[in-house]
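A structural walkthrough
The primary structure of each chain is shown beneath.
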Amino acid sequence: MTDEPPARRRDEEPDSPDKPDDKTEPVLLTAPRDGTPEPIIDRAELARAVERFAQGSGPVAVDAERASGYRYTHRAYLVQLRRAGAGTVLIDPLPFGQLPELDEVISPTEWILHAASQDLPCLTELGLRPTRLFDTELAARLCGFERVGLAALTESLLGYTLEKHHSAADWSTRPLPASWLTYAALDVELLLQLRDRLVEELHEQDKTEWAAQEFAALVASAGDPPRVRADPWRRTSGIHRVRGARALARVRALWHARDEIAARRDASPGRVLADAAIIAAAEADPKDERTLLALAGFGGRSVRRLAPTWLTALSDARALPDKELPTTPPSDGPPPPHRWAERDPVAAGRLARSRELVTTLATANRVPPENLITPDSVRRLAWSPPEELTEEAVGAVLSGYGARPWQVALVTPGLTAALEVPAAE
């Protein structure tokens with residue numbers, strides 16, 4: 001594969017390219033049209049880049065690379081931006097901490113991101129906060145596209161294929177390999193054109209206002225602190241197999257021991273000790289190093305070195321008085337749906353009718369059910385509907401759960417009817 005296609009486009013960057021013919025073979029994009037820039041690592045370089053973006057025009061394509069699966073934190077290790085008249089820049093945020101001069105220039109304009117909810121938290125840490133945005137993944141969902149990954153959308157809408165070989169790379173690596181930098185630059189290469197194609201698609205489907213409300217909600221929550229889960233150790237994969245409060249105490253003790261080490265090392269917890277190993281130790285309750293190391297997941301050298309830590313955690317759990325053992329946490333929502341038929345058959349009927357209604361509406365409007373209305377909102381409404389079953393009351397409940405006006409308008413009439421108990425019941 002040659003680099004001819006990007007070179008052919010070097011003189012012109014169409015604002016809204018036509019959708020390629022379905023019979024046209026997609027072109028593999030292997031290099032940015034202007035070449036791969038070196039990451040910016042000092043304030044002087046940053047100032048020059050900020051000036052270029054201040055002189056540019058139109059929206060700004062924004063992306064960030066994290067080291068998920070490798071690091072404890074979810075910070076950005078590379079920020080990519082592109083704007084008409086300014087080109088593409090790559091910024092290594094590690095030497096800077098905050099980027100106020102960049103935020104001053106790009107904050108007032110529209111940002112284009114793909115899967116914005118993934119990148120906004122780490123961008124906020126850098127002091128970068130949008131006032132307007134366009135999320136290409138969310139727009140594609142609202143338009144009913146089955147494949148909404150960036151590579152899939154650029155192929156189907158623009159006729160270009162992007163390689164995704166480095167999507168799960170350890171972006172905390174320094175120096176970053178040249179091939180990784182090319183990959184990162186290509187992630188913003190087509191976002192401007194992709195946004196324009198999706199704007200057309202939203203307009204054709206009369207969903208422009210839907211998207212505007214969704215994007216406004218993303219902007220409004222961009223600076224919110226991350227949600228802190230109660231008892232995060234209960235999310236250990238495989239915990240459903242653990243029986244008894246004492247065994248759960250062992251899961252809790254091992255999880256906290258692992259988390260402390262992971263935070264200290266800035267390493268992903270799973271790289272310190274796998275969830276499967278925690279579950280195995282919680283079930284077996286080994287009391288000596290030989291028995292512990294014989295368990296699945298404890299064979300690695302770094303895990304073996306920490307054997308005293310794991311044994312101490314298990315010993316601490318063993319010594320807990322009964323009153324300090326884990327108990328079932330109080331729930332602020334309805335029980336799991338599979339228990340509804342036994343606990344409240346009438347509510348189970350409401351849920352079944354509500355789900356059927358949402359599926360029907362989603363199909364008719366070419367939108368995924370979870371984007372039409374969140375499943376949690378439907379469950380809460382079906383479990384505890386308003387005393388007065390009117391569209392106004394149901395709509396108010398859904399709004400309280402965070403539903404946007406377009407969602408409330410679409411689902412409220414049908415859900416109100418679904419909540420009513422049929423005469424046969």
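These notes cover the structure that comes with them. Position numbers for residues count from 1 along each chain, tracking the sequence in the order it is written. The predicted origin of the model limits local features to residues at a pLDDT of at least 70 and limits the giving and counting of side-chain atom pairs to 80 or more, whereas totals for whole chains, interfaces and linings rest on all residues. Side-chain measures were taken over the full set of non-hydrogen atoms in the model, leaving aside hydrogen atoms and water.

**Here's the deal with the nonpolar core**
Stated formally: To define a nonpolar core, start from buried Ala, Val, Leu, Ile, Met, Phe, Trp, Tyr and Cys residues and group those joined through side-chain atoms within 4.5 Å. Only protein chains enter the area calculation, which uses a 1.4 Å probe; residues under 20% of their type maximum are buried, those over 50% are exposed, and those in between are partly exposed. Put simply, DSSP marks the helices as runs of H or I at least four residues long and the strands as runs of E at least two long, and each gets a number from the N terminus on. Contacts: residue pairs with any heavy atoms within 4.5 Å of one another.
Ranked by size, the top nonpolar core spans 80 residues in total, and within it Leu-81, Ile-91, Trp-111 and Leu-398 carry the most contacts. Among the elements that line this core, the one with the most residues is helix α17 (residues 345-365), at seven residues. For Leu-398, the residues in contact, after removing those within four places along its chain, are Ile-373, Ser-377, Leu-381, Ala-403, Val-408, Val-411, Thr-412 and Leu-415. One finds Ala-247, Trp-255, Leu-295 and Val-303 within the second-largest nonpolar core, a separate group that totals 29 residues.

**Side note on a positive patch on the surface**
Inclusion rule: Note that patches include only residues with greater than 30% relative accessible area and no salt bridge, and the join distances are 9 Å for like charges and 5 Å for nonpolar side chains (Val, Leu, Ile, Met, Phe, Trp, Tyr). Areas reported as accessible are Shrake-Rupley estimates using a 1.4 Å probe. Residue values count occlusion only from the protein chains shown. Take a side-chain nitrogen of Lys or Arg and a carboxyl oxygen of Asp or Glu: if they are within 4 Å of each other, that pair is a salt bridge. Positive: Lys, Arg. Negative: Asp, Glu. His and the chain ends are not part of the count. By convention, charge coordinates are those of NZ in Lys, CZ in Arg, CG in Asp, or CD in Glu.
A cluster of basic residues, Arg-265, Arg-301, Arg-304 and Arg-305, forms a positive patch on the protein surface. Considering the arrangement of structural elements, one finds Arg-265 in helix α10 (residues 245-265). Owing to a relative accessible area of 40%, Arg-265 belongs among the partly exposed residues under this scheme.

**Things to note about the packing of helix α20 (residues 391-400) against helix α21 (residues 405-419)**
Going by this rule: Here, axes are lines fitted to C-alpha atoms. For helices the fit covers the stretch in contact, and angles between N-to-C directions go from 0 to 180 degrees. Angular relationships are summarised with four words: roughly parallel below 35 degrees, roughly antiparallel beyond 145, roughly perpendicular across 65 to 115, and oblique for the angles in between. Crossing handedness follows the turn of the near helix against the far one: under a right angle anticlockwise gives a left-handed crossing, and clockwise gives a right-handed one. Residues are sorted three ways: Asp, Glu, Lys and Arg are charged, Ala, Val, Leu, Ile, Met, Phe, Trp, Tyr, Cys and Pro are nonpolar, and all the rest, Gly among them, are polar.
Contact pair α20 / α21: the axes reach a minimum separation of 9 Å and the direction vectors enclose 120°. As far as their axial angle goes, α21 and α20 are oblique. The interaxial crossing formed by α20 with α21 has right-handed handedness. Between α20 and α21, the contacting residues are Glu-391, Val-394, Gly-395, Leu-398 and Ser-399 on the first element and Val-408, Val-411, Thr-412, Pro-413, Leu-415, Thr-416 and Leu-419 on the second. Classifying every residue of the contact of α20 with α21 gives seven nonpolar, four polar and one charged.

**With respect to the layout of surface pockets**
In plain terms, the rule: A 1.4 Å probe that fits but cannot get out identifies a cavity on a 1 Å grid over protein atoms alone, an open set with protein on both sides within 12 Å along at least five of seven lines counts as a pocket, and a residue lines either if it has an atom within 4 Å of a point. Grid points are joined across faces, edges and corners, and a volume is the space filled by probe spheres set on the points.
Its volume calculated, the second largest pocket comes out at about 430 Å³. Asp-63, Glu-65, Gln-118, Tyr-183 and Asp-187 are, among the 22 residues lining the second largest pocket, the residues nearest its centre. Breaking the lining of the second largest pocket down by element, the ones donating at least two residues are β2 (57-65), α4 (116-125), α6 (150-158) and α7 (178-189). Counting residues per element, the lining of the second largest pocket draws most heavily on β2, which supplies three residues.

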